[in-house]
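Here's the letter readout for the chains.
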Amino acid sequence: MLRFQKLKAMRLVAHISDLHFGRHDAAIVGALIAQFGEMCPHLVVLSGDLTQRARSSQFAQAKHFINRIKAPVVIVPGNHDIPLYNVMHRFFSPLEKYRRHIRETSTSGDWYVDDELAVLGLNTARSLTWKSGRVSIGQMGLIRRRFEHIPQAAWKIIVTHHPIASAHGEPRIELAGRAMLALRAIADAGVHLLLSGHHHRPASGHPASDLLLHETMLVVHAGTAVSTRTREGEGNSYNLVCLDGPHATVDVMRWNGSHAFEPARRSRYRLNSRGRLESEIV
Ligand SMILES: [Fe+2]
Ligand SMILES: [Fe+2]
């Protein structure tokens, strides 16, 4: 019997990241909001770096963008959402502006649950390891507590700004501190998908890890959706994750340079009865 037999509804999750308001392209911002209006995702996930320099004006622009999204939004901060040069704020109130502008004035959050999926956002941005980020020991306990009562048949997703694993077959990337410990806690909690940003390059696949758990979950990295901080050869993009029964499809939606994001690359997986996510030929 398939674990997903009782599930009826598919879920469309738009995964955007690294908006970097202050270094954004206003035309792409408008096109992205219009596309969300047409496709009506069930959930939008925003995996950090909302701003370029954690300025109040940039958070205000990010907030305006988020408030135009009709779907629930799960958000985590990125390293750019912590002040870099203002040392007092960086070390004593690193996320004060993020909380004031984003957390307290919008309907977004770091936890979403419905009958089909449960999504937990974890803040990996740190004052001391500004660029690299870290998962705390306390967050590993939080992972266990949040997912322990979620039905086995639901998709379980964790969102971080800094990646916790590289994708198998893709270049190895720098990971958040304590990534291996976190990966073990995530596997023990039965999490299926890890969504992250930070490197501004889209990629997905099984974790490239030495731990014997790589086929039970997928890592999905997002490019930068609307900023001008694109990496060479990448352009702007976001991920569209479709969860339909035992099937998970990840489409990289790439900016076409003029007016819209278009499907550019598709990866498809199927969760089998042994809890393994098998690649499917597209
Ligand atoms: Fe970024
Ligand atoms: Fe970042």
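Report on the accompanying structure. Per-chain numbering applies: the sequence of each chain, read as written, is numbered from 1 onward. Written order determines the labels here, with chains lettered from A and ligands numbered from 1. Local features in a predicted model are, by the rule used here, given only for residues with pLDDT of at least 70; side-chain atom pairs are given and counted only at 80 or more, and totals for whole chains, interfaces and linings are based on all residues. To get the side-chain values, all heavy atoms of the structure are used, and hydrogens and water are removed first.

1. Some remarks on the pattern of salt bridges
Phase 1: When a carboxyl oxygen of Asp or Glu is within 4 Å of a side-chain nitrogen of Lys or Arg, the pair counts as a salt bridge. Counting across every chain of the model gives 6 salt bridges.
Phase 2: Asp 251 is the partner of Arg 266 in a salt bridge, and the nearest nitrogen-oxygen pair spans 2.8 Å. Residue Arg 266 is found in strand S12 (residues 261-271), and its partner Asp 251 is found in strand S11 (residues 247-255); the two are separated by 15 residues along the sequence.
Phase 3: Think of it in three bands: with a 1.4 Å probe and only protein chains considered, a residue is buried below 20% of the maximum accessible area for its type, exposed above 50%, and partly exposed in between. For Arg 266, a relative accessible area of 46% puts it in the partly exposed group.
Phase 4: Accessibility expressed as a relative area gives 10% for Asp 251, which makes it buried.
Phase 5: Across the pair Glu 280 and Arg 268 runs a salt bridge whose closest N-O atoms are separated by 3.2 Å. With a gap of 12 residues between them, Glu 280 in strand S13 (residues 277-280) and Arg 268 in strand S12 connect regions that are remote in the sequence.
Phase 6: Each of the salt bridges in this network shares a partner with another, and the network as a whole consists of Arg 201, Glu 234 and Arg 254. Numbering of helices and strands starts at the N terminus; helices are DSSP runs of H or I of at least 4 residues and strands are runs of E of at least 2.

2. Concerning the coordination of the iron ion (ligand 2)
Phase 1: The donor definition counts N, O and S atoms within 2.8 Å of each metal and applies 3.2 Å to Na, K and Ca; water is not among these atoms, so some sites may look incomplete. Around the iron ion (ligand 2), the protein supplies Asp 49 (OD), Asn 79 (OD1), His 161 (NE2) and His 198 (ND1) as donor atoms, at distances of 2.2 to 2.3 Å.
Phase 2: Any site counts as irregular unless it has four donors with all angles between 85 and 135 degrees, making it tetrahedral, or four or six donors with opposite ones more than 155 degrees apart and the rest between 65 and 115, making it square planar or octahedral. What the 4 donor atoms of the iron ion (ligand 2) show is an angle range of 88 to 157° at the metal, which sorts the shape as irregular.
Phase 3: As a motif over one chain, the donors of the iron ion (ligand 2) read D-x29-N-x81-H-x36-H.
Phase 4: Between the two metal centres, the iron ion (ligand 2) and the iron ion (ligand 1), the spacing is 3.6 Å, with Asp 49 acting as a shared donor.

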